[in-house]
Amino acid sequence: MSGVLVIFFLLAALAVLGAVSLILQRHPIHSALSLILVMVALAGLYLLMGAEFIAAVQIIVYGGAVMVLFVFVIMLLNAGEEERTNFSKLATFGGIPLALALGGVIAAAIARSSGHLPPPAASGVMSSTKEISKLLFSEFVYPFELTSFLILVAILGAIVLAQREN
Amino acid sequence: MSEILAKYGFLIVPIIKILILVFVVLTLDAYLTWLERKVIAHIQARWGPHRVGPHGLLQPLADGIKFILKEDPMPAGVDKMAYFFAPFLTLMLALTSLAIIPFGPDITIFGYTTNFGIADVNISLLVLFAITALGVYGIALAGWGSNNKYSLLGGLRSSAQMISYELALTLSVVGVLLIAGDLSLKHIVEKQAGDLGLLSWNIIGIRKDGTDFTQIIGCICFFIAAIAETNRVPFDLPEAESELVAGFHTEYASMKFAMFFIGEYTSMIAVSSLFTILFFGGWLSPFPASWTMTHYLPSIILVPLGLWVILDGIRYETVFGRVILPGLGAVFTALGIALFLSSTVNELIQGPFWFFAKVGAVLFFYIWMRATLPRFRYDQLMDFGWKFLLPVSILNVVLTSAFIMWRMK
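Now for a quick tour of the structure. (Residues numbered from 1 in each chain as written. Chains lettered and ligands numbered in written order. Predicted model: local features only at pLDDT ≥ 70, side-chain atom pairs only at ≥ 80, totals over all residues. Heavy atoms only, no water.)

### Quick notes on the packing of helix H7 (residues 216–229) of chain B against helix H9 (residues 254–279) of chain B
All names here are of chain B.
Part 1: Across the interface, H7 lies against H9 with an axial gap of 11 Å and an inter-helix angle of 175 degrees. Overall, the two elements H7 and H9 adopt an arrangement that is roughly antiparallel. Of the residues in H9, those in contact with Gly218, Cys219, Phe222, Phe223 and Ala226 of H7 are Val271, Leu274, Phe275, Leu278 and Phe279.
Part 2: Considered class by class, the residues forming the contact of H7 with H9 number 9 nonpolar, 1 polar and no charged. (Axes fitted to C-alpha atoms, helices over the stretch in contact; angles between N-to-C directions. Helix = DSSP H or I, 4+ residues; strand = E, 2+ residues; numbered from the N terminus. Parallel < 35°, antiparallel > 145°, perpendicular 65-115°, else oblique. Contact = heavy atoms within 4.5 Å. Nonpolar A, V, L, I, M, F, W, Y, C, P; charged D, E, K, R; others polar.)

In structure tokens, the structure reads:
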């Protein structure tokens, strides 16, 4: 087994462990920390594929900015441990079959794709920061601007909600 | 020798470099605390530490022993995971950030060429920001996990402060990136080389290649935001002792407190290095390259320093004063003479010499500010970050890109 494969399985196991611990932890802060572990492990996987820029942005945006806000809000609300209740009927009869179906679909997709997928760096699209910014501001400029607009609307909405009490 | 290096160099050389860097940085941290206490004391017309060893030079050692021997009580009701993990995270991230920094140009030893730093990543600036982004968790978790209202308030304040100032920190660098056209710290430094010495650095920026736009606005914004990111005076609200006892590390003692302390000083060094690289030409000499006489500056400084240390040491009656100080002075003098005689070694030492001289000057400025400025009030801090620093750094981005567009026509 090559070194890259060993690192891949280590990071993948870390990501899965983090995701499982995210659900099983009883304290919101511990869940948030598990999610950060997942984000950092994913960044490592991106790095393994040669997408350095995406990896760094994954940590800066998701691992840093987004999760800091999660942790900040949980700390500010001083949320305590969650109480365990019995499984609701919806979870038993809707959730478990759906989860099994999703697992089946993913397994089928993996089984069908014989042969290797080329790493993103080899195809020359994701490799450099310059390439990504060129794509972002030429081919994908409308989706990009629309996303910015969406975020602006969300910010305005948050301000309106916060100001309502006064 | 060279065959082994060619075969296993990729593994051996980084390990040696990591060991050297950790040793140098931890020693530097220890003596930075000594320097800080000494400089602040002299600014305030006091003596500072002067009992343990000549000039208090052994004080960091005494502090270290005290940290190790102290009792380490754990308060009741702490969240064990967060409480134990936080100091490790802070120190680990601070030390990791140093791995990206280039301390000098590439060097060749025994026919093996390597970069002067641990890792040479082509997106090093982004990696550094990624590490800074994770740095908030150490302080936030310490504050929350300690089960203490002062710690919690300190942790919350620090999270809010770091989120606010991270924006200005990142945006103030964009001007430099536009000029260099690259995210690699090594290339950013190489871009600042010019015939005019220090006039070619980004802070002044006369290079006559269409990118000569001064980054003084970005420089000032970066420095202010960097002080806030490292939680130093006048932005040390997370540990404001007049209102929060000691903020997020109120409940920490012994080595766990020491880890926060070392982490803070290490990130000070990392931020000063980054500041030097981005705006003050990194390892480049402030003199034009044609002034070869200035290459003897390290010798000119080292020889008198060594002689003074010898003379100063023999005045004392202790072993440290009589033996170690003159020994150290002799080493300095010998090093200075060796550099003067061997021009190859002298050329090798030029880059790191200027780099550490500049970083030292920035660190001195840090300490100077701590001794001079009063602390901000919390609402002033937030107002300043969002309503002044952020718009000004955006203005810098707009001005720089407009200038570059205008010159490219």
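Next comes the rest of the account.
### With respect to the interface of chain B and chain A
Part 1: With 21 residues of chain B at the contact, the number on the chain A side is 21 residues.
Part 2: Both sides of the chain B and chain A interface together cover about 1900 Å² of buried area, and 81% of this is carbon and sulfur.
Part 3: Per-residue buried area on chain B facing chain A is highest for Tyr137(B), Trp144(B) and Leu156(B); these three make up 32% of the total on that side.
Part 4: Linking chain B with chain A are 0 salt bridges, by the criterion used here.
Part 5: Along the contact surface separating chain B from chain A lie 4 residue pairs in polar contact (both at pLDDT 80 or more).
Part 6: When contributions to the side of chain B that touches chain A are tallied by element, the ones reaching two or more residues are helix H4 (124–145) and helix H5 (149–180) of chain B.
Part 7: At 10 residues, H4(B) tops the list of elements feeding residues into the side of chain B that touches chain A.
Part 8: Within the side of chain B that touches chain A, the residues separate by chemical class into 17 nonpolar, 3 polar and 1 charged. (Buried area = accessible area lost by both parts, 1.4 Å probe. Salt bridge = Lys/Arg side-chain N within 4 Å of Asp/Glu carboxyl O. Polar contact = N/O pair within 3.5 Å; in protein donor to acceptor, adjacent residues only side chain to side chain.)

### Thoughts on the nonpolar core
Part 1: Formed by 97 residues in total, the largest nonpolar core has its most connected members in Ile29(A), Leu125(B), Tyr137(B), Leu185(B), Phe222(B), Leu278(B) and Tyr366(B).
Part 2: Sort the elements by how many residues they give to this core and H4(B) lands first, with 14 residues.
Part 3: Core analysis: the second largest hydrophobic core is formed by 5 residues, Leu57(B), Val309(B), Phe320(B) and Leu325(B) among them. (Core = buried A, V, L, I, M, F, W, Y, C linked by side-chain atoms within 4.5 Å. Buried < 20%, exposed > 50% of the residue type's maximum accessible area, 1.4 Å probe, protein only.)

### Regarding the side chain of Ser299(B)
Residue and element names in this part refer to chain B.
Part 1: Residue position: Ser299 is located in helix H10 (residues 297–313).
Part 2: Residue class for Ser299 comes out buried when judged on its relative accessible area of 4%.
Part 3: Engagement of the side chain of Ser299 in a polar contact is seen with the backbone oxygen of Gly336, the distance being 3.4 Å.

### With respect to the state of the cysteines
Residue and element names in this part refer to chain B.
Part 1: Per the counting criterion, the structure on display carries 0 disulfides over all chains.
Part 2: Its sulfur unpaired, Cys219 is 9.3 Å from the next cysteine sulfur, which belongs to Cys221.
Part 3: By relative accessible area, which is 5% here, Cys219 ends up buried.
Part 4: With a relative accessible area of 2%, Cys221 lands in the buried category. (Disulfide = S-S within 2.5 Å.)

### Let's talk about empty space enclosed by the protein
Residues and elements named next belong to chain B.
Part 1: All told, the structure shown has 2 cavities of 30 Å³ or more when counted by the stated rule.
Part 2: Roughly 460 Å³ of volume is contained in the largest cavity.
Part 3: As for the largest cavity, its lining consists of 25 residues, and the residues nearest its centre are Thr132, Met162, Glu229, Thr230 and Ser267.
Part 4: Taken together, the elements giving at least two residues each to the lining of the largest cavity come down to helix H3 (80–97), H4, H5, H7 and H9.
Part 5: Ranked by the residues each element gives to the lining of the largest cavity, the list is headed by H9, at 7 residues.
Part 6: Counted by class, the lining of the largest cavity contains 14 nonpolar, 8 polar and 3 charged residues.
Part 7: Empty space within the second largest cavity amounts to approximately 60 Å³.
Part 8: Along the walls of the second largest cavity sit 13 residues, with Ile100, Pro102, Ala119, Asp120 and Lys186 positioned nearest its centre.
Part 9: Looking at the lining of the second largest cavity, the elements that each hand over two or more residues are strand E2 (112–116) and helix H6 (185–191).
Part 10: The class makeup of the residues in the lining of the second largest cavity is 6 nonpolar, 5 polar and 2 charged. (1 Å grid on protein atoms, 1.4 Å probe; cavity = no way out; pocket = protein on both sides within 12 Å on 5 of 7 lines; lining within 4 Å. Points joined across faces, edges and corners; volume = space filled by probe spheres on them.)

### Observations concerning helix H13 (residues 378–408) of chain B
Residue and element names in this part refer to chain B.
Part 1: Over its 31 residues, H13 extends 44 Å from the first C-alpha to the last, a length consistent with the 45 Å expected when each residue adds 1.5 Å.
Part 2: Residues of H13 that are buried: Leu381, Met382, Gly385, Leu389, Leu390, Ser393, Asn396, Val397, Thr400, Phe403 and Ile404.
Part 3: If you follow the buried residues of H13, they end up packed against H5 and H7. (Expected span 1.5 Å × (residues − 1).)

### With respect to the packing of H3(B) against H9(B)
Residues and elements named next belong to chain B.
Part 1: Relative to each other, H3 and H9 sit at 25 degrees, their axes nearing to 8 Å. The orientation of H3 with respect to H9, classified from their angle, is roughly parallel. Helix-helix and strand crossings are classified by hand; for H3 and H9 the assignment is left-handed. Across the interface between the two elements, Tyr83, Phe84, Ala86, Pro87, Phe88, Thr90, Leu91, Ala94, Leu95 and Ser97 from H3 touch Lys256, Met259, Phe260, Ile262, Gly263, Thr266, Ser267 and Ala270 from H9.
Part 2: Of the residues assigned to the contact of H3 with H9, the class counts are 12 nonpolar, 5 polar and 1 charged. (Left-handed = near helix turned anticlockwise from the far one by under 90°.)

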